[in-house]
Every structure is written in C-alpha cells, then in structure tokens.
Amino acid sequence: MKGETRKQKREKQKEINFFGEFIRIKNHFFKDINSRLKGVKDKRHQSYIEYTPDIILFSMIMKNITSIESMNQMTVEFNSEKCINNVSKVLGYEDLDELPHHDTINDFLKKLNPCEIEKIRKYMIKELFKKRCLEDYRLLDKYWTIAVDATGIVSFSDRHCEHCLKREYKNKETGEVENTVYFHYVLEAKLVVGDMVFSIDTEFIENEKNYEKQDCELKAFKRLAARLKKNYKRLPICVLGDSLYAVDPVFKLCKEYNWQYILTFKEGRTKSIWSEFEGLKGLENNNNSKGCTWVNEITYKDNLVNILEAKLVENGVEKEFTFITNITIKEKNADKILYAGRSRWKIENEGFNNQKNIKNNIEHLCCKDYNAMKNHYLLVQIADILRQLFECGYELIRSLRASIKEISSRILESFRRDSLTPEDIANSNKRMQIRCL
Ligand SMILES: [Zn+2]
C-alpha cells in the first residue's frame, strides 16, 4: 500500500460495504452465533416481551463495534429504517418495526445471567480452535499463550453495591482514614495470537456478602484457572503473567493442570530464586548472541523453575527483562520464550480501547446495576473478538491500514446507509478473502 495517496484510500473505502463485510466475517467464523444469541435463557416476564434476546444482544454488539459513546446515543443513531432493516436481515426477521430502546436493553441485561454470554464466548473461541486458523501462533508449535491481567472497571466514592471492593487511604501521621474508594476489578484471560488478543475467560474480583477478607487477584486466578481447565481440558496452555503470579501456589497449580507458564520475575518476589540465579548464571554461562542468559532447574520448594534474563538495546534504549518459566530454556527456544513473555503488554494495550467502551456503557446505566455491568463488560469482549477478526484477519480491511476509530465510524456509516446483499447474509465461504490469520 506504500505510495497510496489519501485520496486513493478514500476511494477504496467508498467501494467497501463495511457493514456487509463485517457480517460476512461474523457468519464465516461463527455460523451459529445468531441462534446462540437468540437461545440465551431469558428471565423476563414472557408476556411483555417485545424483542427477543438476539435483537437486543446484536444491537449491543453493534453499539460496541461502532464505538458509540452512550446507550442514549445508540438509540438515536440506530433509529433509522436502514438500521432496522439491516438488523432484520442479519437475524432473519421480516417484520421488525423498531430496534430496542436503551432502557429495554438495560432491563434485559439486569436480569440476564452473565454465564449466558460466557457460553457464547466459549462457543466462539472453540470455533476458532476448530477452524485451525490460528495454528501459526502457537508458542514452540505447541502452546497457546494466555495472558492474565487484572484491571479496574469502575470506582465510586460511596458504596455502590454489596460486592464492591474497598480501599481506605489513611493519613500517614494520624492513621485516620481520609478517603475511601469503592471499586470493581476484573481478571481477564486473553488468548494472545499474533497481533490479536481474544478474551477467553473473565473472573470478577468481588466480595461475598459479609466477607471477612477481601477478594484479590490471586484468589480470582484460582477460580478462573479451574474454569479454564474445565472448559478447555486438553488445550496446551502457557500462562503469561506479571510478577504477582511468580509464587508457589501458581507454580503448583500449573503443574497440576499440566500448563506451562512464563511470568515476569522480580527480585523481591522470591528472593531465594533470585540469589540462586545470580550465583549460577556466571558459572553455567548459558547465553545466546541476542542478549539472553538463562539457568535451568533452580529448586524452589517442590518446584524446579527456570530463569531467563535478557538485556537488549532497542531503538537506542537499553531494556532488561527477567522471566521465570517451567519450560526448559535452550539456545534455540530462548528468543521465543522471551518474545512470548513480552507479548503480555498487548493485553494492556488492547484493554485501553475496550475499557473506554465498557466505561461508556456502565456510566449510562441509570441504576448502576452490578449484574447488568457484568453483562456489558462481557458483551464488549464479544464485540472485540469480532472487531479484531474483521480488522486483522481480513486482508481487504487490513490493507486499508485504518485506525480502530476510523473502522468503527465506517461500519456505523455503512450500517446506516448500505443494504445487505444476499451474499453478505449467506453462510457461504466462497467469496471470502480471509487469509490464514
Ligand atoms: Zn459495587
């Protein structure tokens, strides 16, 4: 695309029916998604239902894909004949008169059990594995790298619900509590595949009623890991995490589940490992030409751990990384382990765009209902999988080199302007230009 002028880029974009192409991607990868959206357990009083769950959930996916800022604005933007007609066609209805109002959507999300959306995500991730289109991104041709990281969703100065986490800020001199913050945190597990990061599991870090000790990231990790193991029994997983995870219980858990791990390692986290590494690295002299040094089989409690250190200069800046892993480090895999360990930053980077959508959805929840908040969060993750497949997995769109914002607004324009063709809606793969991702 080098040498392409901005005018040429504009011309090229004009020719593309972004919404139609987006629907093709959705149908190509997830041919049963419509029936899954429709089939969620609906707890609403059935005699008052105007919109089936697929209409509501698909509207939310469109809101998140098009990065519309508020629920209110969504109702305004989607209020057009074309949008209504497009949604009807995608979901196979003939007689939709309107799309659901945001209050209707929020009422639905307040009652919906979040595990219903989790099931849809599980279906999507399993489809991606089944299609074998991500195989090139396995670490050492074997492991699927899954990065875990916790992020804040919302915070409040007053207690918002019974599950809020609480943090007190004390005056250093008097010890008196000066400020109390209530907040919600979530632990995300993301499958890292090339430039894409797909949410594979979510665990909300939350307090139980009448709790004695607050919930925390490592406790949440145990719950998340158990579910991942249950849902993806034989998947060869390599966990990527920060130094918080470099502790005995995590090593043990990975051993029990037959998982690998590559975790950021800091001196303060486990001092005995650190000093052993420092002592042995000069003696063993395991180096490669790219600045990696390593020591295998350091004993720590019942575990044998391996340490990889790398000193690199990138763009004139010296950088240092240390990772702890249970993968045996060799000259030919040291770079790959280093690369995988470093790829965890993607989850933070990617998270930023996500978080903006989540915050927008939640801020406009009039009653700040916790259950609806969880559902909004999960729907953003689902939309994000679709968006990334559209952006990165699709040669036509990738060649535009457009920003996320640009693509979002193109899809919105197209959703409000273009009609879908029968080919867009059909489950045919023939005209797809999907390249192996
Ligand atoms: Zn709360």
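Caption draft 1: Structural detail: the domain arrangement of the chain. What the domain assignment reports for the chain is domain 1 (6-114 + 368-425) and domain 2 (263-343). Look at where the C-alpha atoms of domain 1 and domain 2 centre, and you get two points 44 Å apart.

Caption draft 2: Focus on the coordination of the zinc ion. Bound to the zinc ion on the protein side are His160 (ND1), Cys161 (SG), Cys164 (SG) and His184 (NE2), at distances that span 2.1 to 2.3 Å. Around the zinc ion, the 4 donor atoms sit at angles spanning 101 to 127°, and that spread fits a shape best called tetrahedral. When the donors of the zinc ion are listed by position in the chain, the intervening gaps give H-C-x2-C-x19-H. Of the two residues, histidine 160 and cysteine 164, both sit in the buried class.

Caption draft 3: Examining the pairing of strand β6 (residues 260-264) more closely. For β6, a buried count of 4 out of 5 residues is recorded, marking the element as mostly surrounded by other parts of the structure. With 4 bridges joining them, strand β5 (residues 237-241) and β6 adopt parallel strand pairing. Its bridge partner lying in β6, valine 239 is registered against tyrosine 261. With helix α10 (residues 248-257) bridging β5 and the parallel β6, this β-α-β connection has right-handed handedness. Taken together, the 3 bridges between β6 and strand β10 (residues 317-325) define a ladder with antiparallel strand orientation. Among the inter-strand pairings, leucine 263 is bridged to a residue of β10, identified as isoleucine 324.

Caption draft 4: Geometry of the pattern of salt bridges. On inspection of all chains with the given rule, the structure shows 28 salt bridges. With a shortest N-O distance of 3.7 Å, glutamate 135 and arginine 132 are connected by a salt bridge. Classification of glutamate 135 as partly exposed rests on a relative accessible area of 22%. In this structure arginine 132 comes out as exposed when scored by relative accessible area, which is 53%. The partner of glutamate 278 in a salt bridge is lysine 281, with the nearest N and O atoms 3.5 Å apart. Here the residue glutamate 278 and the residue lysine 281 both occupy positions in helix α11 (residues 271-284), the gap between them amounting to 3 residues, near one helical turn. Here the salt bridges do not stand alone but share partners, grouping Asp201, Glu203, Asp215, Arg223 and Arg227 into one network.

Caption draft 5: The arrangement of unusual backbone geometry in detail. The backbone of serine 67 shows a phi angle near 50°, a positive value even though the residue is not glycine. For serine 67, a relative accessible area of 23% puts it in the partly exposed group. Of note, leucine 140 is a non-glycine position whose phi angle comes to about 50°, a positive value. Relative to the helices and strands, leucine 140 resides in the loop between α8 (114-131) and β1 (144-156). Residue leucine 140 is classed as partly exposed on the basis of its relative accessible area, which comes to 27%.

The rules behind these values
- Residues numbered from 1 in each chain as written.
- Predicted model: local features only at pLDDT ≥ 70, side-chain atom pairs only at ≥ 80, totals over all residues.
- Heavy atoms only, no water.
- Domains from an automatic or database assignment.
- Donors = N, O, S within 2.8 Å, 3.2 Å for Na, K, Ca; no water.
- Tetrahedral: all angles 85-135°; square planar, octahedral: opposite > 155°, others 65-115°.
- Buried < 20%, exposed > 50% of the residue type's maximum accessible area, 1.4 Å probe, protein only.
- Helix = DSSP H or I, 4+ residues; strand = E, 2+ residues; numbered from the N terminus.
- Pairing = 2+ DSSP bridges.
- Right-handed = clockwise from strand over helix to strand, strands pointing away.
- Salt bridge = Lys/Arg side-chain N within 4 Å of Asp/Glu carboxyl O.

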